[in-house]
Amino acid sequence: MHVIHIQNELIKTLKTLPHIAFVPTMGNLHEGHIKLIQEALKKTKHIVVSIFINPLQFNSKEDFKNYPRTLEKDLSILKGLNVPYVFVPSEEDILDQLEKTEIHLPPIANDLCGKFRPGHFNGVATIVCKLFTLIQPDIAFFGKKDFQQLFLIKALVKQLNYPIEIVGIDTVRDHDGLAKSSRNNLLSEENRKKAPQLLQQLNAMKEKVIQKTSSLEEIEAQSVSALNTSGWMVDYLSIRSAQSLENALHDENQIVILGAATLGSVRLIDNIEFCIQD
Ligand code: PAF
């Protein structure tokens, strides 16, 4: 396994490879990342996994500081998966000159998570563009847990004509439904038990949407209230069009319900996607 730290070295190493698959990560690898890598390996053996905790996408210094850093363990997982190339850039190398790059995303980047984490998706997009330019993959894999991120990356690739196929991979869940996330390790024992409530509310909302029990706004408000009463601080629970991410219309067929809420000091996100009629 080649662990590469320097941009120019990466470019030199990848130059002659015919078909490259890319899995960007911020490390602290879990089953969700492993699934992305396994799906990538089905396409080609030339896989690049990047590990970079991107300071540009954190709104709070505290959150950035607390983000789990487990490089040695991550590298041994990647070795076990037979990943041939791992890119672990330093902040200085990757961020050099990057403040001069301004990426304008569609307005939906300022809604949902973007509303509560201003600038977050610009930080994601800036680093993803940089990595795409360095690696020049043919195909790149992202988790559907970050539905809005995946949506915006697809939009970005279209906007900038990157010849890259973007593949979304289903969320991997724990036995009780909690979506795998690096942040789960930060939950207290008590809050870890409570954490599946987020998915439970999304599923309850789905049933109400299908049964048309009340207006979409009322369905959202009922679940926000249920979670808040149970000790969460809800940012949003929102019923959207899976195609545009705009508020779902009453006759919308392809729906995604997205949620973000904080338990203790840990902010969790999740979503479920479904069609009302097949
Ligand atoms: O999803 C993530 O882990 C990050 O947002 C990404 C895509 C690696 C960019 O830093």
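- Looking at an unreviewed UniProt entry, one finds the protein chain named Pantothenate synthetase and attributed to Candidatus Methylopumilus planktonicus.
- Database annotation for the protein chain, UniProt heading Subcellular location (unreviewed entry): "Cytoplasm".
- Under the Pathway (unreviewed entry) heading, UniProt states for the protein chain: "Cofactor biosynthesis; (R)-pantothenate biosynthesis; (R)-pantothenate from (R)-pantoate and beta-alanine: step 1/1."

A look at the site of the ligand
Reasoning step 1: Every residue lining the ligand is accounted for by Pro24, Thr25, Met26, Asn54, Gln57, Ile127, Phe142 and Gln149.
Reasoning step 2: In the environment of the ligand, an oxygen atom lies 2.6 Å from a nitrogen or oxygen atom belonging to the side chain of Gln57.
Reasoning step 3: One of the side-chain nitrogen or oxygen atoms of Gln149 is found 2.7 Å away from an oxygen atom of the ligand.
Reasoning step 4: In the complex, 88% of the free accessible area of the ligand, which totals 290 Å², lies under the protein chains.

So, the pairing of strand β6 (residues 165-169)
Note on strand geometry: in a regular strand, side chains alternate between the two faces of the sheet.
Reasoning step 1: When strand β5 (residues 139-143) meets β6, the two strands line up parallel, connected through five bridges. Note on β6: the bridge partner recorded for Phe142 is Gly168.
Reasoning step 2: In terms of handedness, the path from β5 via helix α8 (residues 147-159) over to β6 forms a crossover that is right-handed.

Some points on the side chain of Ser241
Reasoning step 1: Within the secondary structure, Ser241 is located in strand β7 (residues 233-241).
Reasoning step 2: Here the side chain of Ser241 touches Gln243 through a polar contact of 3.1 Å, landing on its backbone nitrogen.
Reasoning step 3: Sequence-distant contacts of Ser241, defined by excluding residues within four places in its chain, comprise Glu246, Asn247, Ala248, Glu252, Gln254 and Val256.

Notes on the UniProt feature "binding site: beta-alanine" (unreviewed entry) in the protein chain
Reasoning step 1: With numbering aligned to this structure, UniProt lists the feature "binding site: beta-alanine" (unreviewed entry) at Gln57.
Reasoning step 2: Here Gln57 shows up in the loop between β3 (47-51) and α3 (61-66).
Reasoning step 3: On the basis of relative accessibility, which here comes to 10%, the residue Gln57 falls in the buried class.
Reasoning step 4: Excluding anything up to four places from it in sequence, Gln57 contacts Met26, Arg117, His120, Gly123, Val124 and Ile127.
Reasoning step 5: In this structure the side chain of Gln57 is engaged in a polar contact, spanning 2.8 Å, whose partner is the side chain of Asn54.

Quick look at the sheet that holds strand β9 (residues 266-275)
Reasoning step 1: What the three strands build is an open sheet, ordered β7-β8-β9; its pairing is antiparallel. Single-partner strands in this sheet number two, and they are β7 and β9. For this sheet the average axis-to-axis angle between neighbouring strands, irrespective of direction, equals 10°.
Reasoning step 2: Alignment of strand β8 (residues 254-263) against β9, held across 10 bridges, turns out to be antiparallel. For Gln254, the partnering residue across the bridge sits in β9 and is Cys275.

A short note on the state of the cysteines
Reasoning step 1: Per the counting criterion, the structure on display carries zero disulfides.
Reasoning step 2: With no disulfide of its own, Cys113 has Cys129 as its nearest cysteine by sulfur position, at a separation of 19 Å.
Reasoning step 3: On the basis of relative accessible area, Cys113 is assigned to the buried category, the value being 7%.

Describing the sheet that holds strand β1 (residues 2-4)
Reasoning step 1: Taken in spatial order, the six strands make up an open sheet running β1-β4-β3-β2-β5-β6, and their pairing is parallel. Edge strands, defined here as strands with exactly one partner in the open sheet, are β1 and β6. In this sheet, neighbouring strand axes are inclined to one another by 25° on average, regardless of whether the strands run parallel or antiparallel.
Reasoning step 2: Pairing geometry for β1 and strand β4 (residues 85-87), over three bridges, is parallel. Paired with Ile4 across the bridge in β4 is Phe87.
Reasoning step 3: Here helix α1 (residues 7-14) sits on the sheet in contact with β1, β3 and β4, set at roughly 155° to β4.
Reasoning step 4: This element, α8, spans β5 and β6 of the sheet and lies at about 170° to β6.

Reading the values: rules and limits
Residues numbered from 1 in each chain as written. Predicted model: local features only at pLDDT ≥ 70, side-chain atom pairs only at ≥ 80, totals over all residues. Heavy atoms only, no water. UniProt positions renumbered as here; feature names shortened; annotations may be inferred. Near = heavy atom within 4 Å. Polar contact = N/O pair within 3.5 Å; in protein donor to acceptor, adjacent residues only side chain to side chain. Areas by Shrake-Rupley, 256 points an atom, 1.4 Å probe, with all protein chains shown as cover. Pairing = 2+ DSSP bridges. Helix = DSSP H or I, 4+ residues; strand = E, 2+ residues; numbered from the N terminus. Right-handed = clockwise from strand over helix to strand, strands pointing away. Contact = heavy atoms within 4.5 Å. Buried < 20%, exposed > 50% of the residue type's maximum accessible area, 1.4 Å probe, protein only. Axes fitted to C-alpha atoms, helices over the stretch in contact; angles between N-to-C directions. Disulfide = S-S within 2.5 Å.

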